[in-house]
Amino acid sequence: MKLIKKGAEGDIYLSCWGKNEALFKTRLAKTYRNSILDFRIRKRRTIIESEIMSYVKSLGINSPLIYFVDIKNCIIIMQYIPGELVKDLSDTQIINTCKSLGAIAGNLHKNGIMHGDLTTSNFILYDNKIFVIDFGLSSRTNKPIDHAIDLRLFKEILNSAHTSIMKNAWNNFLLGYKLTVGDKYHNIIMNLVLEIESRGRYNNNLNMQK
Ligand SMILES: Nc1ncnc2c1ncn2[C@@H]1O[C@H](COP(=O)(O)OP(=O)(O)O)[C@@H](O)[C@H]1O
Ligand SMILES: [Mg+2]
């Protein structure tokens, strides 16, 4: 087993599953949490991630194949996608792929899925296709506000991690999103994104006054 990343929730290893290369995503116990609650959270995320990762394939979205789920130890064994994270692509490539990322987000939302951690670190470009990963925080929801939270997070990541290309990347993302969900739903979500942002500013102003 080769450690490829110390993830946010646990270590990520590259190994084999039968004849295939496989990625082992673990969720380690957090000692600062009550152990019963901690197991419940890790178990829930493991189940949600593997379920939704499998489900989105039926929507035509590329995601790793799930090989095995070890619920007791909170480990998912999945197909290893030997591509490059969108985060690490060149600026021009990021701008170009953003339209596809927007279309994928739209497809998820149209089908009642909120990704929950929509960032450029959770998309892999491989074989000219975009794969989506990291569904541990996703949920089944048709609430527009949940979909707006996904978009708001993505916008924030562009702002902080891809500042110089933010404008073009975001516009392309929205283009793909709009083409997938339609003008009407796009406008509803964008209004909610603006609302979340103005709430953020309001809260910041309050903090500054303190
Ligand atoms: N199926 C996969 N194929 C290739 N790399 C992966 C795969 N799943 C995860 N990774 C790599 O591991 C990193 C962390 O995995 P991720 O599922 O995003 O967990 P988290 O961000 O919660 O730590 C990803 O950013 C990616 O670099
Ligand atoms: Mg991730």
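Just so we're clear, the structure is a prediction, and the values are computed from it rather than from any experiment. (Residues numbered from 1 in each chain as written. Chains lettered and ligands numbered in written order. Predicted model: local features only at pLDDT ≥ 70, side-chain atom pairs only at ≥ 80, totals over all residues. Heavy atoms only, no water.)

(A) Spatial organisation of the site of ligand 1. Ala8, Lys25, Gln79, Ile81 and Asp134 are the nearest of the 17 residues found near ligand 1. Here an oxygen atom of ligand 1 sits 2.9 Å away from a polar atom, N or O, in the main chain of Ala8. Asp134 places a polar side-chain atom, nitrogen or oxygen, 2.9 Å from an oxygen atom of ligand 1. Computed on the free molecule, ligand 1 has an accessible area of 540 Å², of which 90% lies beneath the protein chains in the complex. Contributing elements (two or more residues each) for the shell around ligand 1: strand S3 (20-26) and strand S5 (75-79). Grouping the amino acids of the shell around ligand 1 by side-chain chemistry returns 10 nonpolar, 4 polar and 3 charged. Both of domain 1 (2-79) and domain 2 (84-209) provide at least three residues apiece to the shell around ligand 1. (Near = heavy atom within 4 Å. Polar contact = N/O pair within 3.5 Å; in protein donor to acceptor, adjacent residues only side chain to side chain. Areas by Shrake-Rupley, 256 points an atom, 1.4 Å probe, with all protein chains shown as cover. Helix = DSSP H or I, 4+ residues; strand = E, 2+ residues; numbered from the N terminus. Nonpolar A, V, L, I, M, F, W, Y, C, P; charged D, E, K, R; others polar. Domains from an automatic or database assignment.)

(B) Region of the structure containing the sheet that holds strand S6 (residues 84-85). Spatial strand order, S6-S8-S9: 3 strands in an open sheet with antiparallel pairing. Every interior strand has two partners, whereas the edge strands, S6 and strand S9 (129-132), have only one. Direction of pairing for S6 relative to strand S8 (residues 123-126): antiparallel, over a ladder of 2 bridges. Residue pairing across strands places Leu85 opposite Ile124, the latter belonging to S8. In the packing of helix H2 (residues 91-110) onto the sheet, contacts are made with S8 and S9, and the angle to S9 comes to roughly 55°. (Pairing = 2+ DSSP bridges. Contact = heavy atoms within 4.5 Å. Axes fitted to C-alpha atoms, helices over the stretch in contact; angles between N-to-C directions.)

(C) Layout of the sheet that holds strand S2 (residues 11-17). Judged by pairing direction, the sheet is antiparallel, and its 5 strands sit side by side in the order S1-S2-S3-S5-S4 without closing on themselves. One side of each edge strand has no neighbouring strand; the edge strands of this open sheet are strand S1 (2-6) and strand S4 (66-70). Sheet twist, expressed as the mean angle between neighbouring strand axes with direction ignored, is 25°.

(D) Fine view of the pairing of S4. The pairing of S4 with S5 spans 4 bridges and is classified as antiparallel. Note on S5: the bridge partner recorded for Asp70 is Ile75. Hairpin connection from S4 to S5: 4 residues lie between these consecutive antiparallel strands, with Cys74 at a positive phi of about 55°.

(E) The side chain of Lys25, seen in detail. Looking at the element boundaries, Lys25 is found in strand S3. Residue Lys25 is classed as buried on the basis of its relative accessible area, which comes to 10%. Separated by 3.0 Å, the side chains of Lys25 and Asp134 make a polar contact. Residues in contact with Lys25, not counting those within four places in the same chain, are Asp11, Ile12, Glu49, Cys74, Ile75, Ile76, Met78 and Asp134. (Buried < 20%, exposed > 50% of the residue type's maximum accessible area, 1.4 Å probe, protein only.)

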